[in-house]
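Breakdown of the fold
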Amino acid sequence: MNYDLLLQSDHWLSLNYSKTFIRAISMSISDPSAAQTPLLDDTIDGCLDYKGRPVRRSSSGCWISASFIIVVEIAERFAYYGISSNLITYLTGPLGESTATAAAQVNAWNGAASLLPLLGAFIADSFLGRYRTIILASLVYILGLGLLALSATLGSISSSGGQNADDIALSSSLQFQVILFFSSLYLVAFAQGGHKPCVQAFGADQFDTQDPEECKAKSSFFNWWYFGMCAGTLTTLSILNYIQDNLSWVLGFAIPGIVMAVGLVVFLLGTMTYRYSVKGDEESPIVTVGRVFILAVRNRKTSYSAIAAEEEARGILATESSKQFKFLDKALLAPDGSKEQGEVCSIREVEEAKAVIRLAPIWATSLIYAIAFAQSSTFFTKQGATMDRSTAMMGFEIPAASLQSFISLSVVLFIPIYDRIFVPLARALTGKQAGITLLQRIGSGMVISTISLVIAAVVEMRRLKIAEEYGLLDKPNVMVPMSVWWLVPQYALYGLADVFTMVGLQEFFYDQMPNELRSVGLALYLSIFGVGSFLSSFLISAIENLTSGDGRDSWFANNLNRAHLDYFFLLLAVLSAVGLTLYVCCTKYYIYARWGRTF
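Residues numbered from 1 in each chain as written. Predicted model: local features only at pLDDT ≥ 70, side-chain atom pairs only at ≥ 80, totals over all residues. Heavy atoms only, no water.

**Looking at the overall build of the protein**
A count of helices and strands for the protein gives 22 helices and five strands. The buried share among the 599 residues of the protein stands at 55%. Sequence separation of at least 24 residues holds for 80% of the intrachain contacts in the protein that already meet a minimum separation of 6. Summed over all atoms, the accessible surface of the protein reaches about 25,100 Å², with 64% contributed by carbon and sulfur. (Helix = DSSP H or I, 4+ residues; strand = E, 2+ residues; numbered from the N terminus. Buried < 20%, exposed > 50% of the residue type's maximum accessible area, 1.4 Å probe, protein only. Contact = heavy atoms within 4.5 Å. Areas by Shrake-Rupley, 256 points an atom, 1.4 Å probe, with all protein chains shown as cover.)

This is the structure we're talking about:
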């Protein structure tokens, strides 16, 4: 049943509900006892149930509905990280690519997967609705994972000595395998683009911000959302990477598809409990915001005195937020001076456009954090692959990609501490509902991330020194006698940084966008990491070109004992410090949106 379509098109339902509401008011006047009817006490404005009826608070939404949605997110993260966490191993192993090329391709794919949510959010908010978009994206996701497993069954490409795949004569069947692999990979990225922004926004929609208790629960929802997401990731890194490295890549790609299918079934089981936002036949919010910018540009020659006169005529009171980006107020006037309906923008539309542009500096200054974040699945993994990964269990070695589980483990351990201990203590000191502001939370994670990069550089310096002491500089296939546990602090600090910055960015970009644009808000948050991944790929390629040639080993040489990842990590630490400084400067001028929670 096309539930979201029903919600978007059945305008008569809103009229019926209004009539019912008026009848109930009339009954309450003639019969005071009628004022206690469930319709008046228990319904939520702006929401309907799966049959298009006014939704009752007591039987819908909140944690019951959110639990179903969190399960499908856990399944999606299991599937996504089942590919991304070990992708560099597959590219440098069965596909025979060089370290720098593989790292650049992993970053490019992660970038595409993080930018495509902008398209998915637009489709959801303008056409399909979040519920239907989630279902459609999940089906495409399962198809992509199935094709990925199929590509692995076609055999692997062998290469000797880390030789670049471009130098290998491939048969037509092996070329088909490569084409099918990358096509399937980007099909998964496309599906993730529709899935990621809608699931989280749909989950947050299950909490009514007009109710104090549900509003507080929604703040916890973002914490526990990330907790569940990292729990799924931890399972992937603990089990699936071992299967891929030691048993079968086919099985390693097939299991995520099975888990994703189970997650979709669980999501559908919650259909009758969900709250669906009412969306009428009004114009797409993306179009209305775009029209504000267009009219403001067309009216660029209009004097500010004319705008002031128009604001005075409309009775607009000057506020701190309305004083920002005054040039957008020119959209209140038509280019020819007329004020006919549809030719000018409303005050709310102008304020929504200001809210979007107000996010731009925060978005831009978060990019350095995203570049640093991209290294955990690439160079951190290659770093660990050269070290002693043996355990007390006879013959068992920790897969290099599984080291990323310490990020998820750190998140899983710290989020309950943050939500149940840190927030109440901070709330008592600051009086703020969330303990600290969202911008303070984001900045705190950036500081921790910078520290993690410095530690990563110091550990890499020690690894290179040990390799030199044992005469292993020209023996890249020989294990460096240094325990892989040296890498745990940098991974754990990455996880701690995520608790602050990642969760903070999610809630910030959801909370500071108008209700109609919240899927787009979460897509904008994801686009930070998409653009960050592309910037990381560009940075790696630029450094590779600058530091190689003339017989020199580049910073990312295939022989990591001759490379200089320590230089790269220190460079990222310096860039992170610069980015943090710019971020702090931008936060001083940020004004919270009126529809968001100003804490």
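**Remarks on the confidence of the model for the protein**
A residue-level look at the protein finds 81% of positions with pLDDT of 70 or above and a mean pLDDT of 77. When pLDDT is averaged over each element of the protein, helix H22 (residues 565–587) comes out on top at 93 and helix H2 (residues 11–30) at the bottom at 38. The low-confidence segment residues 1–40 (pLDDT under 50) makes 49 contacts with residues lying over four places distant or belonging to another chain. Note that residues 156–169 has pLDDT below 50 and, in this model, 25 contacts with residues that lie over four places away or in other chains. (pLDDT = per-residue confidence, 0-100.)

**With respect to the side chain of Thr547**
Turning to its location among the elements, Thr547 is positioned in helix H21 (residues 518–547). A polar atom in the side chain of Thr547 sits 2.7 Å from the backbone oxygen of Ile543. Only 3.2 Å separates the side chain of Thr547 from the backbone nitrogen of Trp555, close enough to count as a polar contact. If we skip the residues at most four places from it in the chain, Thr547 touches Arg552, Asp553, Ser554 and Trp555. (Polar contact = N/O pair within 3.5 Å; in protein donor to acceptor, adjacent residues only side chain to side chain.)

**Some words on the pattern of salt bridges**
This structure, assessed with the given rule, holds 10 salt bridges. Between Arg291 and Glu349 there is a salt bridge, with its nearest N and O atoms 3.6 Å apart. Taken together, the residues span a long stretch of sequence, with Arg291 in helix H12 (residues 285–298) and Glu349 in helix H14 (residues 347–358) at a distance of 58 residues. Owing to a relative accessible area of 17%, Glu349 belongs among the buried residues under this scheme. In this structure, Asp419 engages Arg420 in a salt bridge whose closest nitrogen and oxygen atoms are separated by 3.4 Å. Given a relative accessible area of 7%, Asp419 falls into the buried group. On the basis of relative accessibility, which here comes to 55%, the residue Arg420 falls in the exposed class. By sharing partners, the salt bridges in this structure join Glu73, Glu76, Arg77 and Lys196 into a single network. (Salt bridge = Lys/Arg side-chain N within 4 Å of Asp/Glu carboxyl O.)

**Some points on the pairing of strand E5 (residues 480–483)**
Residues of E5 alternate between two faces, with Val480 and Met482 buried on one and Pro481 and Ser483 left unburied on the opposite face. When strand E4 (residues 387–388) meets E5, the two strands line up parallel, connected through two bridges. Within E5, the residue paired with Met387 across the bridge is Val480. (Pairing = 2+ DSSP bridges.)

**Quick look at the state of the cysteines**
In total, this model carries zero disulfides according to the counting rule given. You can see Cys585 has no disulfide; the closest cysteine sulfur is in Cys586, sitting 6.8 Å from it. By relative accessible area, which is 38% here, Cys585 ends up partly exposed. (Disulfide = S-S within 2.5 Å.)

**Overview of the environment of Thr450**
Within the secondary structure, Thr450 is located in helix H19 (residues 438–469). Each C-alpha atom, one on Thr450 and one on Ile368, is 10.0 Å from the other, the two residues being 82 residues apart in sequence.

**Digging into the packing of helix H18 (residues 405–430) against helix H20 (residues 488–511)**
With their axes 8 Å apart at the nearest point, H18 and H20 run at an angle of 45° to one another. For the element pair H18 / H20, the angle class is oblique. Where H18 crosses over H20, the two elements pack in a sense that is right-handed. Within the contact between the two elements, H18 uses Phe406, Ile407, Ser410, Val411, Phe414, Ile415 and Tyr418 and H20 uses Val488, Tyr491, Ala492, Tyr494, Gly495, Leu496, Asp498, Val499 and Phe500. Tallied by class, residues from the contact of H18 with H20 come to 13 nonpolar, two polar and one charged. (Axes fitted to C-alpha atoms, helices over the stretch in contact; angles between N-to-C directions. Parallel < 35°, antiparallel > 145°, perpendicular 65-115°, else oblique. Left-handed = near helix turned anticlockwise from the far one by under 90°. Nonpolar A, V, L, I, M, F, W, Y, C, P; charged D, E, K, R; others polar.)

**Here we look at the packing of aromatic side chains**
What characterises a pair of aromatic rings is the spacing of the ring centres plus the angle enclosed by the ring planes. In the structure shown here, the tally under the stated rule is 37 aromatic pairs. Ring geometry for Trp555 against Tyr567: centres 5.5 Å apart, planes inclined by 70°, an arrangement best described as edge-to-face. In this pair, Trp555 is assigned in the loop between H21 and H22 and Tyr567 in helix H22, connecting sequence segments 12 residues apart. Its relative accessible area of 37% is what places Tyr567 among the partly exposed residues. (Phe/Tyr/Trp six-rings, centres within 6.5 Å; stacked < 30°, edge-to-face > 60°.)

**What about helix H10 (residues 212–246)?**
Taking 1.5 Å per residue, 35 residues should reach 51 Å; H10 reaches 51 Å between its end C-alpha atoms and fits that length. The principal kink in H10, of about 35°, is found at Leu237. (Expected span 1.5 Å × (residues − 1). Bend = angle between axes of the 7 residues up to and from the residue.)

**Examining the environment of Tyr494**
Within the element layout of this structure, Tyr494 appears in helix H20. Separated by 42 residues in sequence, Tyr494 and Ser452 place their C-alpha atoms 6.5 Å apart. What Tyr494 contacts, discounting residues up to four positions off in sequence, is Ala372, Phe373, Gln375, Ser376, Phe380, Ile407, Ser452 and Leu453.

**Things to note about a nonpolar patch on the surface**
A cluster of nonpolar side chains, contributed by Ile417, Ile421 and Leu425, occupies part of the molecular surface with about 280 Å² of accessible area. Note on placement: Ile417 falls in helix H18. (Patch = residues over 30% accessible without salt bridge, like charges linked within 9 Å, V, L, I, M, F, W, Y side chains within 5 Å.)

**So, the packing of helix H6 (residues 99–115) against helix H7 (residues 117–128)**
In the contact formed by H6 and H7, the axes pass within 5 Å of each other and the chain directions differ by 15°. As the angle between them shows, H6 and H7 are arranged roughly parallel. Facing Ala113, Ser114 and Leu115 of H6, the residues of H7 in contact are Pro117, Leu118 and Leu119. Looking at the contact of H6 with H7 residue by residue, the class counts come to five nonpolar, one polar and no charged.

**Here we look at helix H11 (residues 249–269)**
Compared with the 30 Å implied by 1.5 Å per residue over 21 residues, the 31 Å span of H11 between its first and last C-alpha is a close match. Taken together, the buried positions of H11 are occupied by Trp249, Gly252, Phe253, Pro256, Gly257, Met260, Gly263, Leu264 and Phe267. For H11, the buried positions fall inside an angular range of 140° around the axis, keeping them on one side. In this structure, H11 carries Ile258 and Leu269 as exposed residues pointing more than 90 degrees from its buried face. The N-cap of H11, judged by a side-chain oxygen 3.1 Å from the amide nitrogen of Val250 a few residues on, is Ser248. (Arc of directions from axis to C-beta.)

**Overview of the nonpolar core**
Ranked by size, the top nonpolar core spans 141 residues in total, and within it Phe181, Phe267, Phe508, Phe529, Phe556 and Phe568 carry the most contacts. Leaving out residues up to four positions away in the same chain, Phe181 has contacts with Leu87, Tyr90, Leu91, Leu95, Leu148, Ser151 and Phe253. (Core = buried A, V, L, I, M, F, W, Y, C linked by side-chain atoms within 4.5 Å.)

**Some remarks on the environment of Ser65**
If you trace the backbone, Ser65 turns up in helix H4 (residues 62–84). Taking relative accessible area as the criterion, Ser65 reaches 0% and is therefore assigned buried. Taking C-alpha positions, Ser65 is 6.3 Å from Gly270, a pair spaced 205 residues apart along the chain.

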